[in-house]
Amino acid sequence: GNSVTQMEGPVTLSEEAFLTINCTYTATGYPSLFWYVQYPGEGLQLLLKATKADDKGSNKGFEATYRKETTSFHLEKGSVQVSDSAVYFCALSDHNQGGKLIFGQGTELSVKP
Amino acid sequence: EAGVAQSPRYKIIEKRQSVAFWCNPISGHATLYWYQQILGQGPKLLIQFQNNGVVDDSQLPKDRFSAERLKGVDSTLKIQPAKLEDSAVYLCASSLEGGLGAEAFFGQGTRLTVV
């Protein structure tokens, strides 16, 4: 079945450090891929998405590229800020499954000043 | 625009009691989802509605969980009787249409503690 695997957290970085959160997936079809973010005390919100191979999603300085050959969708940011501290979830939705999201376990990011 | 509204925000009940959660999706969104998020895990889909019809309830423990979506708008999720392992955050989400690449908008969730 379809699944998503993320690198385990927590990840602790200093401000302005480079961020990578690894995400790999297993899917029977051609899924769309997402990164959702959950800030403290808030609901999940979409950070970025990519709907086909080689697409790059980007938002708020974050980027992720849909790599079909490595079944990956790693999240990157060149210079993190304290305000980026949150839990990040990688997810996929499969064409054959009505748009439901299958999530990874989440990676907690803590950015220190 | 108003987001997805959920209530209550928190609930503590004893095992074997019943509980209900309410969700009001974004106006005009045809698809509504209920997810269960256990501490330290990603959300897991319980049930998906398209208007007032069920699209996917394959992961819903139907012996104790039930859900309905009245008139294709609001939805309630019920647990009866609750077990300790039902302690989790219950998330409601909606999207304009269910389908590949559709963005889901999430409510803040209801945190359930079963003691």
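This text gives an overview of the structure that appears in the document. (Residues numbered from 1 in each chain as written. Chains lettered and ligands numbered in written order. Predicted model: local features only at pLDDT ≥ 70, side-chain atom pairs only at ≥ 80, totals over all residues. Heavy atoms only, no water.)

A closer look at the overall build of chain B
- Check the secondary structure of chain B and you find 0 helices and 11 strands.
- Along chain B, helices (α) and strands (β) appear in the sequence β-β-β-β-β-β-β-β-β-β-β when read from the amino end.
- Its C-alpha atoms give chain B a radius of gyration of 13 Å, within 12% of the compact-globule value 13 Å for 115 residues.
- Dimensions of chain B, computed from the C-alpha atoms along their principal axes, are close to 35 × 25 × 25 Å.
- Burial status across chain B gives 47% buried among its 115 residues.
- Considering only residue pairs separated by 6 or more positions, chain B has 53% of its internal contacts joining residues 24 or more positions apart. (Helix = DSSP H or I, 4+ residues; strand = E, 2+ residues; numbered from the N terminus. Rg over C-alpha atoms; globule rule 2.2 N^0.38 Å. Buried < 20%, exposed > 50% of the residue type's maximum accessible area, 1.4 Å probe, protein only. Contact = heavy atoms within 4.5 Å.)

Some details on the nonpolar core
- Ranked by size, the top nonpolar core spans 27 residues in total, and within it A:W35, A:L47, A:L48, A:F73, A:L75 and A:Y88 carry the most contacts.
- Broken down by secondary-structure element, the contributors of at least two residues to this core are strand 2 (11–14), strand 3 (19–21), strand 4 (23–26), strand 5 (32–38), strand 6 (45–50), strand 8 (62–65), strand 10 (86–93) and strand 12 (107–112) of chain A.
- Here this core takes 4 residues from strand 10 of chain A, the largest share from any one element.
- Among the nonpolar cores identified, the runner-up in size contains 21 residues, and B:F21, B:F65, B:A82 and B:A88 belong to it. (Core = buried A, V, L, I, M, F, W, Y, C linked by side-chain atoms within 4.5 Å.)

Comments concerning the sheet that holds strand 7 (residues 65–69) of chain B
Residues and elements named next belong to chain B.
- Reading across from one edge, 1-3-8-7 is the order of the 4 strands in this open sheet, with antiparallel pairing throughout. Both edges of this open sheet fall to strand 1 (5–7) and strand 7, since each of them pairs with a single strand only. For this sheet the average axis-to-axis angle between neighbouring strands, irrespective of direction, equals 15°.
- As defined by bridge partners, strand 7 adjoins strand 8 (residues 75–79) across 5 bridges and the pair is classed as antiparallel. (Pairing = 2+ DSSP bridges. Axes fitted to C-alpha atoms, helices over the stretch in contact; angles between N-to-C directions.)

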